[in-house]
Amino acid sequence: MYYITELYGGGMKGVTIALVILALSFFAINTVSAYGYGTSSITLSLSGANVTQGNGTSAGYTVSLASGSTWGTTLSVVNSGQLSSDGITVSLSNTYADPTYTGTMTVSTSGSTPAGTYTVTLAATGDDPSQSNAAFDLTVLAKPLPTTVQATAANTTISNTTTVQSTTKQQTTTSPTTTKNYATSGYYSYTGGSAALASPALIAVIALVAIYGIYAYKSRLARLTIIGAALILIGTVAWLYGDYSGGIQTYIWGGAAAVVIGTAAWTYGDAGGGTFKQKSASGAVYLGIALIAVGFLAWIYGELGAPGVSSYWWGGTTLLVIGTLIWLYGDVKAGAFLRKSR
C-alpha cells in the first residue's frame, strides 16, 4: 500500500484518491468482461427479397432472449450509413423493448439505387446484446427498358398488286447486374474469434504495465501520466471491441468514458507538475492532446452519424494511440519519470 499512498503524499485522503483513480483504471476492463445482463437472438421472417429500383419490401423480425435475464434491448441497422449512400432506407417499427419483442423492417430503394445485391445487417445492443448479427439480402433489379411494340404496315399498290411489308423488331437490352455485398465479417461475437480473445488480453497487459509503473515511479506527475495513458489505451481497445462486436453500446460508451477520464487525469497531473510551462516539452504535450481530441470527436461522429463505417473506428484509434505516444514523449522530455517527488 505504500506506493499507493505516496501518489498524493500519504494520509487517508491520499489513499482514498489513489484508490478511486485505480478503480477507474479498471473500469474499461469491467466493461469488456460484463456483457450486459443476458444475450438475445434475432430472427427474420425472410432471408432476402428482390425488388426493382424505386420499390421496396418488408420482413418481420423477432428479438428473443437467448440467455440471462430480460432487460431493455435496442435493435438497430448496423450499416444504415452505407445503405443510405446507395439510396436504400431501412426503418424498424419497434426498436426498443425487453426481449422477446417483434416488429416489421421496411426496406425502400430509390430510382437511382445501383442494381446489385446488398446486405442489411441487424444487431441488438443494450443489456441483452445479440450474440450474432442478422442479415437480410436485398437484390435490387434494374428497371426494364421501355419496349417498342411490334408494328406491321401493309402497303398495297392496286395498279401492280405489289405488297410491301415493313416490320420493326423489338429490341431488348439487359443491364449488367453487379453484386455489392457490404463487408460485415468484421463484426464478431464475443463467443469466438481470435480478436474477441485478444481485446481483453490486451487490456489486461496494459493494466498490469500501469500497475507496475505506479509501483516503480513515486512522483505524482509520473503516476498520473501512467494512469492517464493507461485509461486512454484501455478505453480505445474497449471502444474498438464494442464496434467490432456489432455496435455494443456498453463497450463503446464505456471506452469513450475511459478516454475522457484518462485525458482529464493526465492533464491534471501535467498542470500540477509544471509540464505545460516547459518550452521543450509543452509543444509535444499540446500536440498529443490535440490529436486525442480530434480522434475522439471523429470517432464519436462515426458512432452517431455513420454507424458501421469502420474508417471512423480506425481513424479514431490511430489518432488516439499516436496522440498518447506523443504526449508520453513530451512528459519524458519534461522529466516526469526522473522526479522522485511531485
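It should be noted that the structure appears before, not after, this text.
Residues numbered from 1 in each chain as written. Predicted model: local features only at pLDDT ≥ 70, side-chain atom pairs only at ≥ 80, totals over all residues. Heavy atoms only, no water.

Enquirer: So what's going on with helix α6 (residues 220-244)? Which residues, and what values?
Expert: Compared with the 36 Å implied by 1.5 Å per residue over 25 residues, the 36 Å span of α6 between its first and last C-alpha is a close match. Burial runs high along α6: 23 of the 25 residues are buried. (Helix = DSSP H or I, 4+ residues; strand = E, 2+ residues; numbered from the N terminus. Expected span 1.5 Å × (residues − 1). Buried < 20%, exposed > 50% of the residue type's maximum accessible area, 1.4 Å probe, protein only.)

Enquirer: Help me get a handle on the pairing of strand β8 (residues 116-126), residues and values and all.
Expert: By the criterion of burial, β8 is predominantly enclosed, with 11 of the 11 residues buried. Neither face of β8 is exposed, since Gly-116, Tyr-118, Val-120, Leu-122, Ala-124 and Gly-126 on one face and Thr-117, Thr-119, Thr-121, Ala-123 and Thr-125 on the opposite face are all buried. With five bridges joining them, strand β4 (residues 73-77) and β8 adopt antiparallel strand pairing. Of the residues in β8, the one forming a bridge with Thr-73 is Gly-126. For β8 and strand β9 (residues 134-141), the ladder comprises seven bridges, and the chain directions are antiparallel. Bridge pairing in β9 places Thr-121 opposite Ala-135. (Pairing = 2+ DSSP bridges.)

Enquirer: Break down the sheet that holds strand β7 (residues 101-109) for me, citing the residues and quoting the values.
Expert: Ordered in space as β1-β3-β7-β5, the four strands form an open sheet in which the pairing is antiparallel. Looking at strand neighbours, the two that pair on one side only are β1 (38-44) and β5 (88-92), the edges of this open sheet. For this sheet the average axis-to-axis angle between neighbouring strands, irrespective of direction, equals 25°. Where strand β3 (residues 56-68) and β7 come together, eight bridges link them in antiparallel fashion. Along β7, the bridge assignment pairs Val-63 with Tyr-101. (Axes fitted to C-alpha atoms, helices over the stretch in contact; angles between N-to-C directions.)

Enquirer: Explain the sheet that holds β9 residue by residue, including any values.
Expert: Hydrogen bonding along the main chain pairs the strands of a sheet, whether they run parallel or antiparallel. Taken in spatial order, the five strands make up an open sheet running β2-β9-β8-β4-β6, and their pairing is mixed. The two strands at the open ends of the sheet, each matched to only one other strand, are β2 (48-52) and β6 (96-97).

Enquirer: If you had to explain a nonpolar patch on the surface to someone new, which residues and values would you point to?
Expert: A surface patch of nonpolar side chains, amounting to about 260 Å² of accessible area, comprises Leu-202, Val-205 and Val-209. Structurally, the position occupied by Val-209 is in helix α5 (residues 194-216). Overall, the relative accessible area of 54% leaves Val-209 in the exposed class. (Patch = residues over 30% accessible without salt bridge, like charges linked within 9 Å, V, L, I, M, F, W, Y side chains within 5 Å. Areas by Shrake-Rupley, 256 points an atom, 1.4 Å probe, with all protein chains shown as cover. Salt bridge = Lys/Arg side-chain N within 4 Å of Asp/Glu carboxyl O.)

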